[in-house]
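Close look at the chain arrangement
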Amino acid sequence: MCLALGAQIQVGDTLRVAVFTDTHISPGTAADENLSQAIESVNKSDYDFVIVSGDVSNVGSDAELQNVYNKLKALRVPYFFVPGNHETNWSESACKTITDLWKNDRFVVEAGDYIFIGYSTGPYMKMGDGAVKKEDIIWLDEELSKRYRPGKKVVSVAHYPLGEGLSNYKDVVDVLKKYNTILHINGHHHSFWLKNYDGIPGFMAITMLGKPSDNGVYNSVVFTPDSIRIAKHQEKNGYAEELGWVIPQKGDLSAVGEPFEGVYHEPMHDAVKVPFSYQDSASVYTGVCFPTKRTIVYGTSEGRLKCVDIKTKKVLWQTPKGPTIYSTPFVGAGVLVAAVSDGEVAGYNPKNGQKLWSFNMGSAVPGDGVADEKGFGYIGGSFGEFVKFDCKTGRVIWKKKIGDGLFQGRPTIAGDRVLAGCWDKYLYCIDRENGDVVWKWTNGSSQKLYSPGNVVPAVSHGKVFIVAPDNRMTAINLADGKQLWRTNLNKVREALCLSKDGERVYAKTMNDVLVCVSTASDDFEQVWASDCKYGYEHTPCPPAEMENGLVFLTNRRGQVFAVDGMTGAVKWTFDAGNSAANKIVEGPDGRAWITLIEGRILSVDPKEIL
């Protein structure tokens, strides 16, 4: 059974904890049997409880999560669960199924002198580094402050290690080091290692997804008054325990384990003026929109829509807490339109936040929508649904089952058509009038994770340009969907945008380089390639060109770069924060407006850069 938040467990001098991680289960696979064998072994042993530290599923589908949840019911001792990136990144329910089943994505439990505290590390609904939600960092500090007293020992639990790969790891470590944190338990790397996270010993648990001879393997941590004993177990092959390390309970633990470093950028170390900077108390996964020239609206991880006065930074109105908002709000026919991850699409009065209308898609809506010149909105759901609606009244004009997966990237309107990518392997060209599919294109891969599902198609000169996780850039004929060219010359992923004049597309590669390609040529024609030195990169935040010709782009570490769109010359770099950006939007003031996952919102004036 999975106990409620804040549980207490009575234990003796010795505390025995089993650790399950990285099972990556699809129903009926060998990994499914691995978990059953581990559960059987634990049930025959004398463990006090089990920690399940994420990546229990393969692609985060509802069927996979329900299967794991049902299997874990067979445990005869309590267990505590946090999700991993395979649950939060590709969830078809926008993470709702996680909380429906386990009631929470974090836990805290007291067992004798120990406080075990677990939290989710993302990333949420898009590729990127892990990042602990802003409100979870606040919660972590509040819970430990409330429960900690001299003699208590803290054990931190998450899917990610506290270092490379977790963008705001330092914020978490700073909280944990205020208390007597003796160990961090994590998975993610599939290896059995003892690490050190900035002075905190860290145990990386072995994956349960192994070769057949490893079936049933799991991890254990045994706490005695004198030591912490870390081992892996597998009864199938004749051994009950393979000891990894014994850590003393007393003395200085700050040097225990191999150092595991991370990269952390302190924000705003640049002399360029930042006209607007605002820090929310929650994380932000949307971009901003501008109902007026004086206000911005965005959504938060706590499910609030917030309207902020640009000059005073005062919150003019906000909606109550609800399901997380991943979809960037937009304005159509003078109405603010926002979609929520539970499936609701609603229209709001932009002056006071009053809800004017709503309808439900019938599935999660974490993807972006767009309004056309007539005030009609277009948006997709998680199971291939796509709708056209009147932004003024909320009346659904048509709703079609177009795809078989999640529509995520913002659709692109091109004349009488709408282009939208789906996580079912297809890019769809849809008739705006009736919702019929004019054509659909696929890269031919059987892997859905290579789909053009989170790219904003660029359209110019009768051609559609896309990039996708298959690392190819492709040009497609808008009229009939025939592929014109396709190249892997540059290792691109999902971040692409069109120039203001429509003559170029800019695409971010996965290592350092921004490329510029001509839209006029019927063949692939690279105009320039600029080494921005942003490092390894896999976040889907598209670049954006401003009116003065500067192209803004970001990387997974919260750095912002400005590049001359005509020449590729790097004009400026800036540490905006320490997490990935969601969107770069040009405001009515001509500024580049950027939101970061850590809840930071800022603007930069391009005129000050050239």
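Residues numbered from 1 in each chain as written. Predicted model: local features only at pLDDT ≥ 70, side-chain atom pairs only at ≥ 80, totals over all residues. Heavy atoms only, no water.

The protein is annotated in an unreviewed UniProt entry as PQQ-binding-like beta-propeller repeat protein of Candidatus Merdimorpha stercoravium.

**Remarks on unusual backbone geometry**
Cut-off, in case you're wondering: Only protein chains enter the accessibility calculation, which uses a 1.4 Å probe. A residue is then buried if its area is under 20% of the maximum for its type, exposed if over 50%, and partly exposed in between. Note on conventions: DSSP H or I runs of at least 4 residues are helices, E runs of at least 2 residues are strands, and numbering of each starts at the N terminus.
Of note, the bond from Gly122 into Pro123 is cis; its omega dihedral lies within 30 degrees of zero at -5 degrees. Not every positive phi belongs to a glycine, and Ala94 is a case in point at roughly 55 degrees. Residue classification places Ala94 among the buried residues on the basis of a relative accessible area of 5%. At Met125, a position not held by glycine, the phi torsion is positive, near 60 degrees. You can see Met125 is positioned in the loop between strand E6 (114-118) and helix H5 (134-147).

**Here's the deal with the nonpolar core**
Generally speaking, nonpolar side chains in soluble globular proteins are found buried as a group. Here is the rule: The definition of a nonpolar core used throughout is a set of buried Ala, Val, Leu, Ile, Met, Phe, Trp, Tyr and Cys residues joined through side-chain atoms within 4.5 Å. Whether two residues are in contact is decided by their heavy atoms: any pair within 4.5 Å suffices.
Residues Phe20, Val42, Val50 and Leu72 are the most contacted members of the largest nonpolar core, which totals 36 residues. Sorting the residues of this core by element identifies strand E2 (15-20), helix H1 (30-43), strand E3 (49-52), helix H2 (62-72), strand E4 (79-81) and helix H4 (96-102) as the ones contributing at least two each. Among the elements that take part in this core, H1 stands out by supplying 5 residues, more than any other. Residue contacts for Val50: discarding those within four places in its chain leaves Ala18, Phe20, Val42, Leu75, Val77, Pro78, Tyr79 and Phe80.

**Comments concerning the pattern of salt bridges**
Where charged atoms of side chains with opposite charge meet at close range, the side chains can pair. Worth spelling out the cut-off: Salt bridges are identified by distance alone: a Lys or Arg side-chain nitrogen within 4 Å of an Asp or Glu carboxyl oxygen.
This model, assessed by the stated rule, comprises 39 salt bridges. Close ionic contact of Glu494 with Arg493 constitutes a salt bridge, the shortest N to O distance being 3.7 Å. Note on Glu494: relative accessible area 4%, which makes it buried. Put simply, Glu110, Glu143, Lys146, Arg147 and Lys152 are held in one network by salt bridges that share partners.

**Considerations on the packing of aromatic side chains**
Note the cut-off: Only centres within 6.5 Å qualify two rings of Phe, Tyr or Trp (six-membered ring in Trp) as a pair; their planes then separate them into stacked at under 30 degrees, edge-to-face at over 60, and tilted for everything else. The rule for a charge over a ring is simple: NZ of Lys or CZ of Arg within 6 Å of the ring centre, and within 35 degrees of the ring normal.
Across all of its chains, the model carries 33 aromatic pairs by this definition. Note on Phe20 and Tyr218: the rings are 5.9 Å apart at their centroids and 75 degrees apart in plane angle, and the pair reads as edge-to-face. Placement of Phe20 in strand E2 and of Tyr218 in strand E11 (residues 218-223) is noted, with a sequence separation of 198 residues between them. The exposure classification of Phe20 matches that of Tyr218, with both residues buried. Relative to Tyr285, the ring of Tyr124 lies with its centre 5.5 Å away and its plane at 45 degrees, an arrangement referred to as tilted. With Tyr124 in the loop between E6 and H5 and Tyr285 in the loop between strand E15 (276-279) and strand E16 (289-292), this pair connects stretches of sequence that are 161 residues apart. This pair shows no difference in class: Tyr124 is buried, exactly as Tyr285 is. Feature note: the residues Phe49, Phe80, Phe107, Tyr114, Phe116 and Phe223 constitute an aromatic cluster, connected by ring pairs. Directly above the ring of Trp193 sits Lys195, whose terminal nitrogen or CZ lies 4.4 Å from the centroid. Here the basic side chain of Lys388 rests over the ring of Phe376, its NZ or CZ set 4.6 Å away from the ring centre.

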